[in-house]
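Summary of the model geometry
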2 protein chains.
Amino acid sequence: MSSAKTHRIPPRSGVSFKIKKGQYLTVIDPEGEQVSDMISYSVEDPREYLSSGRSIDYASRLFLTTDDILYSNRSTPMWTIGEDQVGRHDFTLTPCSAEMFRKLYNEDDPHRGCFGNLSAAVAKYGIGPDQVPIAFNIFMYVHVDGDTGEIEVRPPKSKAGQFTRFRAEMDMIVALTACSAGQSNNFDFKPIDYYISEEGV
Amino acid sequence: MSSAKTHRIPPRSGVSFKIKKGQYLTVIDPEGEQVSDMISYSVEDPREYLSSGRSIDYASRLFLTTDDILYSNRSTPMWTIGEDQVGRHDFTLTPCSAEMFRKLYNEDDPHRGCFGNLSAAVAKYGIGPDQVPIAFNIFMYVHVDGDTGEIEVRPPKSKAGQFTRFRAEMDMIVALTACSAGQSNNFDFKPIDYYISEEGV
């Protein structure tokens, strides 16, 4: 664990902050089997955002890990994945939302989900809910059947204390959650920890 | 073939048009093995757009076909897929672009690609290039390895004259291309045909 200040995101909530090019963001799963949805935007022009479609295309791979680059919609590198103790994340699904809980799980009075938490977190930067894209869903384990295309959300492979580190490749606004969807975290809502450091440790 | 007026999209180009709720859009591959990238926006508020992440999440499947619904980022149905003579499309990759041709294929003087064509096509509706999302890539065959996550663009399964039909579930601005990426169409740039009809024929 770094000596850098570690922040805690309480269960089913989200935060936002700025990060500078060259800094590192380390996202920790303190209790294991929890997911953190991450989105980011260029500070210079928040219409430039983290793009799953560009990143998957350039990697020619759905699952991204150490040394893979996460690109913006303008094909500019936003993040490089550094040490990755978990190795499996999702980049195909939009953040869980009240509408998702209604449609998929028939909940009558649903939580606002990661979508609501991310939208609330970035509002102070003038970014609206329609600008919340597909997130990089850290630690989320989505099993894919390559023949049928069927996907299934399974418990994350993350064990307590494991982390994934990202180097910022531009100045960014970042939002992170401790996920609100039972399926994503084996039905036990837990916190997420993170810290920002100048070195990749 | 319907008696409705059929339009032709020349190779490596794009068009845009409006469609009303309840109308049908039929997209035809006249020569076979060609791809058409489709994006759409709510006429009422173009910040509402076709969302791969929502659609894949609600279907719990990467590959969508007859009876599947394509959702907006606000979780509202935009399209229902009707008769689908091809059955395999992609919904994970952003449209091909000049940057993509440079990065993946080392082209020095690249074509503007479907991204440039779609951006140009929707500009007249006040929609900017940053609002061009992951497209529904009609007829695009992206092979997925479920174990490694590796993806590979292969020749489309579409044969000459085959089509896929979509019912519009809201009033929309639509843009469609005849794809500009060699990999997508077995290295033979071809046109795409389409027509709009009041009935699903």
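Below is a summary of the structure that appears in this document. Nothing here was measured: the structure is a model prediction, and the numbers come from that model.

Looking at the overall build of chain A
On a plain count of helices and strands, chain A comes out with three helices and 12 strands. In terms of overall dimensions, chain A is globule-like: its C-alpha atoms have a radius of gyration of 16 Å, near the 17 Å expected for 201 residues. Dimensions of chain A, computed from the C-alpha atoms along their principal axes, are close to 45 × 35 × 35 Å. The buried share among the 201 residues of chain A stands at 60%. Nonlocal contacts in chain A, meaning residues at least 24 apart in sequence, comprise 76% of its contacts between residues at least 6 apart. Looking at chain A as shown, the accessible area adds up to about 7700 Å², and 46% of this sits on carbon and sulfur atoms.

Digging into the packing of aromatic side chains
On inspection of all chains with the given rule, the structure shows 12 aromatic pairs over all chains. For the ring pair A:Phe91 and A:Phe136, a centre distance of 5.0 Å and an interplane angle of 90 degrees mean the geometry is edge-to-face. Taken together, the residues span a long stretch of sequence, with A:Phe91 in the loop between strand E6 (77-84) and helix H2 (98-105) and A:Phe136 in strand E7 (residues 136-138) at a distance of 45 residues. Under the relative-accessibility criterion, A:Phe91 is labelled buried at 1%. Ring geometry for B:Trp79 against B:Phe166: centres 5.9 Å apart, planes inclined by 70 degrees, an arrangement best described as edge-to-face. Here B:Trp79, found in strand E6 (residues 77-84), pairs with B:Phe166, found in strand E10 (residues 162-168); they are 87 residues apart in sequence, far enough to count as distant. By the burial criterion, B:Trp79 is buried, and B:Phe166 matches it. The ring centre of A:Phe63 lies 3.5 Å from the NZ or CZ of A:Arg88, which sits over that ring. One Lys or Arg, B:Lys157, reaches over the ring of B:Tyr141 and ends 4.7 Å from the middle of that ring.

Concerning the relation of the copies chain B and chain A
The two copies are related by a screw motion: chain B maps onto chain A through a turn of 180 degrees and a shift of 0.0 Å along the axis, at an RMSD of 0.0 Å. Here the copies are linked by what is in effect a two-fold axis. Among all C-alpha atoms of chain B, that of B:Gly146 lies closest to the rotation axis, at 2.2 Å. Both copies share a contact surface, since 100% of the interface residues of chain B are interface residues in chain A too.

Observations concerning helix H3 (residues 113-122) of chain A
Among the 10 residues of H3(A), nine are classified as buried, and the element is accordingly described as predominantly covered. Here H3(A) has its buried residues at A:Gly113, A:Cys114, A:Phe115, A:Gly116, A:Asn117, A:Leu118, A:Ser119, A:Ala121 and A:Val122.

Describing the interface of chain B and chain A
Every contact between the two is made by 38 residues of chain B and, on the other side, 38 residues of chain A. Each partner contributes to the roughly 3300 Å² buried at the junction of chain B and chain A, and carbon and sulfur atoms together form 53% of this total. Where chain B packs against chain A, one counts four salt bridges. Its salt-bridge partner being B:Arg61, residue A:Glu150 comes within 3.6 Å of it at the nearest N-O pair. Run the count over chain B and chain A and you get 16 residue pairs in polar contact (both at pLDDT 80 or more). The set of elements that each furnish at least two residues to the side of chain B that touches chain A consists of helix H1 (52-59) and helix H2 (98-105) of chain B. With six residues, H1(B) is the largest single contributor of residues to the side of chain B that touches chain A. Here the side of chain B that touches chain A is built from residues that sort into 15 nonpolar, 12 polar and 11 charged.

So, the environment of A:Thr177
Residue and element names in this part refer to chain A. Within the fold, Thr-177 resides in strand E11 (residues 172-178). Thr-177 sits 169 residues away from Arg-8 along the chain, and the two C-alpha atoms are 10 Å apart. Those residues in contact with Thr-177, other than ones at most four positions away along the chain, are Ile-9, Ser-13, Gly-14, Val-35, Ser-36, Asp-37, Cys-114, Asn-117, Leu-118 and Ile-192. For Thr-177, the side chain forms a polar contact with the main-chain nitrogen of Asp-37, separated by 3.1 Å.

Section: the sheet that holds E7(A)
Residue and element names in this part refer to chain A. The sheet built from four strands is open, its strands ordered E2-E11-E4-E7 with antiparallel pairing. Each of the sheet's edge strands pairs with one partner strand only, and the pair in question is strand E2 (13-19) and E7. Averaged over all adjacent pairs, the angle separating strand axes in this sheet is 25 degrees, with direction ignored. Those strands touched by H3 are E2, strand E4 (36-42) and E11, and its axis lies near 145 degrees from that of E11.

Parameters at a glance
Residues numbered from 1 in each chain as written. Chains lettered and ligands numbered in written order. Predicted model: local features only at pLDDT ≥ 70, side-chain atom pairs only at ≥ 80, totals over all residues. Heavy atoms only, no water. Helix = DSSP H or I, 4+ residues; strand = E, 2+ residues; numbered from the N terminus. Rg over C-alpha atoms; globule rule 2.2 N^0.38 Å. Buried < 20%, exposed > 50% of the residue type's maximum accessible area, 1.4 Å probe, protein only. Contact = heavy atoms within 4.5 Å. Areas by Shrake-Rupley, 256 points an atom, 1.4 Å probe, with all protein chains shown as cover. Phe/Tyr/Trp six-rings, centres within 6.5 Å; stacked < 30°, edge-to-face > 60°. Lys NZ or Arg CZ within 6 Å of the ring centre and 35° of its normal. Least-squares fit on C-alpha atoms with pLDDT ≥ 70 in both. Buried area = accessible area lost by both parts, 1.4 Å probe. Salt bridge = Lys/Arg side-chain N within 4 Å of Asp/Glu carboxyl O. Polar contact = N/O pair within 3.5 Å; in protein donor to acceptor, adjacent residues only side chain to side chain. Nonpolar A, V, L, I, M, F, W, Y, C, P; charged D, E, K, R; others polar. Pairing = 2+ DSSP bridges. Axes fitted to C-alpha atoms, helices over the stretch in contact; angles between N-to-C directions.

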